[in-house]
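One-letter residues, chain by chain:
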Amino acid sequence: MPDPTTSSPDQALAEPRAPLAVRAAAPETLPDLPEEAGLTWRPLEPADIPALTALITHIEDVDNPPYRTAPEEVAGYFDDSHDHSGVGGFDAEGNLHAFGLARLRKADTTVKRVFVSGGLEPTRRNHGIGRAVMDWQIARARQMLSVADGADTEVPARIVVHVDDDMDGLAHLVSLRGFAPRRHYSQLRRDLSEPIPEVSLAHPLTVVPWSPALDDAVRRAHNAAFRELWGAQPLSVAAWQEERSHHVATWSFVALDRSSDRAQVAGYLMSGRYEQDWDALGWTEGYTEILGVLPAWRGRHVATALLSHAMRAYAEDGMQYAGLDVDADDPTGAIGLFERLGYERVRGSAVYTIEI
């Protein structure tokens, strides 16, 4: 769902400011990483993807979060959609024990963002390694922002880290380094064994299955629907495809207005299938990745109709639940809509940022 806000950091950053290259306050050199831990540090490269995948898998097996990172997602850390920089700590046998990544999203235009993420072999925690890696990531993110496309302008920027609700240690670590929670999200699920409502739209609105022929119209509608929303960036054709690596065509739908010869996109629902998460979740689910309704058609039950179509498609394919994430700070009442349809909260997360 779009995550509108009446007061956002983007708005707060709208006043005149120094060029990003100055505001980034990039250090000339990066912080040292602890060699006394018996680790040798070097940049991560695509050739390290198998080792990185194995370490992430091990960390997730120990911590048991309600998701798992698929190998193709790890490979995506090094794709062309981001300028990426990473560092890894290897033992004498060449085994990867720690990593930190900083990834600048190339498609961003109105707000430049660097996403930081990392991990540490669980037996090596509480020895200062994680703190050192985080300091390295922040410094590297500042360097990347200082030379980003548009760094000579006043474009706002932020360093971003995602924190699950039960990651108290990470929340404390990033808070001490100047990050603050900007948005909170709730992960919801809906039991598909319960009756799914029939929702009819008044003529000339109708819901149709997503098709490749409609895809670019949906992309343009998405850019329009999310234009003023916190954290949203316009998506090019390439970026739109990159955002939907787990897209399921038969679970995705488009609401069209056929009041003229040229049908207009009134709303859309794009679904994904994340089978790697199901064992960790404890159930199978169809996941609603993107749900949007254009302003001219809001208040006409378009979102409800799209959700009911998606839930039926999930159920027909044997899924136990429908899942989605929603902005808990959304003032438009989106959570109320989902609750009326039988969705319930199962967990949460937050986006922490350093605003530049």
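What you see as residue numbers is a count from 1 along each chain, following the sequence as written. With the structure being a predicted model, the display of local features is reserved for residues of pLDDT at least 70 and the display and counting of side-chain atom pairs for 80 or more, all residues being used for whole-chain, interface and lining totals. Side-chain numbers come from the whole structure's heavy atoms, not from hydrogens or water.

**Side note on the overall build of the chain**
Heads up, the condition is: Segments assigned H or I by DSSP are reported as helices when at least four residues long, segments assigned E as strands when at least two residues long, and all are numbered from the N terminus. For a compact globule the rule gives 2.2 Å times the number of residues to the power 0.38, and the radius of gyration it is set against comes from C-alpha atoms. The cut-offs for exposure are 20% and 50% of the maximum accessible area for each residue type, with area from a 1.4 Å probe on protein chains only; residues under the lower value are buried, those over the upper are exposed, and the others partly exposed. Whether two residues are in contact is decided by their heavy atoms: any pair within 4.5 Å suffices. Each accessible area is a Shrake-Rupley result for a 1.4 Å probe, and residues are judged covered by the shown protein chains and nothing else. His is not counted, nor are the chain ends; Lys and Arg add positive charge and Asp and Glu add negative charge. A charged residue contributes its charge at one atom only: NZ of Lys, CZ of Arg, CG of Asp or CD of Glu.
The secondary structure content of the chain amounts to 11 helices and 12 strands. Taking 2.2 N^0.38 as the reference for a compact globule, 356 residues should give roughly 21 Å; the C-alpha atoms of the chain span a radius of gyration of 21 Å, in line with that estimate. The buried share among the 356 residues of the chain stands at 54%. Sequence separation of at least 24 residues holds for 76% of the intrachain contacts in the chain that already meet a minimum separation of 6. Summed over all atoms, the accessible surface of the chain reaches about 16,700 Å², with 50% contributed by carbon and sulfur. Measuring between centres, the 33 positive side-chain charges of the chain sit 5 Å from its 53 negative side-chain charges.

**Section: the sheet that holds strand β8 (residues 253–257)**
Definition in use: Any two strands with at least two DSSP bridges between them are considered paired. Every axis in this analysis is a line fitted to C-alpha atoms, fitted for helices over the stretch in contact. Angles between the N-to-C directions lie between 0 and 180 degrees.
An order of β1-β2-β3-β4-β5-β12-β6-β11-β10-β9-β8-β7 is seen for the 12 strands of this open sheet, with the pairing classed as mixed. Each of the sheet's edge strands pairs with one partner strand only, and the pair in question is β1 (40–43) and β7 (205–209). For this sheet, the mean inter-axis angle between neighbouring strands, taken without regard to orientation, is 25 degrees. Alignment of strand β6 (residues 180–191) against strand β12 (residues 343–355), held across 10 bridges, turns out to be antiparallel. By the bridge assignment for β12, Leu188 is matched with Arg345. This element, helix α3 (residues 49–63), spans β3 (96–105) and β4 (112–120) of the sheet and lies at about 105 degrees to β3. Running over the sheet, helix α7 (residues 212–225) touches β7, β8, β9 (264–272) and β10 (285–293) and is turned about 100 degrees from β9.

**Section: the nonpolar core**
Selection criterion: Side-chain atoms within 4.5 Å are what join buried Ala, Val, Leu, Ile, Met, Phe, Trp, Tyr and Cys residues into a set we call a nonpolar core.
Among the nonpolar cores identified, the biggest contains 57 residues, and Val254, Tyr268, Leu306, Leu307, Tyr314, Phe338 and Tyr343 are the most heavily contacted of them. Per-element accounting of this core gives the leading share, nine residues, to helix α10 (residues 302–316). With 26 residues, the next largest nonpolar core counts Met144, Ala157, Ala171 and Tyr352 among its residues.

**A short note on helix α6 (residues 168–176)**
Count 3.6 residues to each turn of an α-helix, and residues three or four apart come out pointing the same way. Counted only if it meets this: In this context, the arc is that of the directions from the helix axis out to the C-beta atoms.
Along α6, the residues that are buried comprise Ala171, Leu173 and Val174. Axial view of α6: buried residues confined to an arc of 165 degrees, hence all on one face. Those residues of α6 that are exposed and aimed more than 90 degrees away from the buried face are Asp168, Gly169, His172 and Leu176.

**So, the packing of helix α5 (residues 129–146) against α6**
The line we're drawing: For this classification, under 35 degrees means roughly parallel, over 145 means roughly antiparallel, 65 to 115 means roughly perpendicular, and everything else is oblique. For any pair of crossing helices, the crossing counts as left-handed if the nearer helix is rotated counterclockwise from the farther one by less than a right angle, and right-handed if it is rotated clockwise. Here the term charged refers only to Asp, Glu, Lys and Arg, the term nonpolar to Ala, Val, Leu, Ile, Met, Phe, Trp, Tyr, Cys and Pro, and the term polar to all other amino acids, Gly among them.
The geometry of α5 relative to α6 is characterised by a closest axis approach of 11 Å and an angle of 45 degrees between their N-to-C directions. One way to sum up the angle between α5 and α6 is to call them oblique. For the crossing formed where α5 meets α6, the hand is right-handed. For the pair α5 and α6, the contacting residues are Gly130, Arg131 and Met134 in the first and Leu170, Leu173 and Val174 in the second. The residue inventory of the contact of α5 with α6, partitioned by class, reads four nonpolar, one polar and one charged.

**Some remarks on the UniProt feature "domain: N-acetyltransferase" (unreviewed entry) in the chain**
How we decide: UniProt positions are given in the numbering used here, feature names are shortened, and annotations may be inferred rather than shown by experiment.
As annotated in UniProt, the feature "domain: N-acetyltransferase" (unreviewed entry) corresponds to residues 39–206 and 205–356 in the numbering used here. What you have in residues 39–206 is 29% helix and 32% strand, and the ends, taken at the C-alpha atoms, are 60 Å apart.

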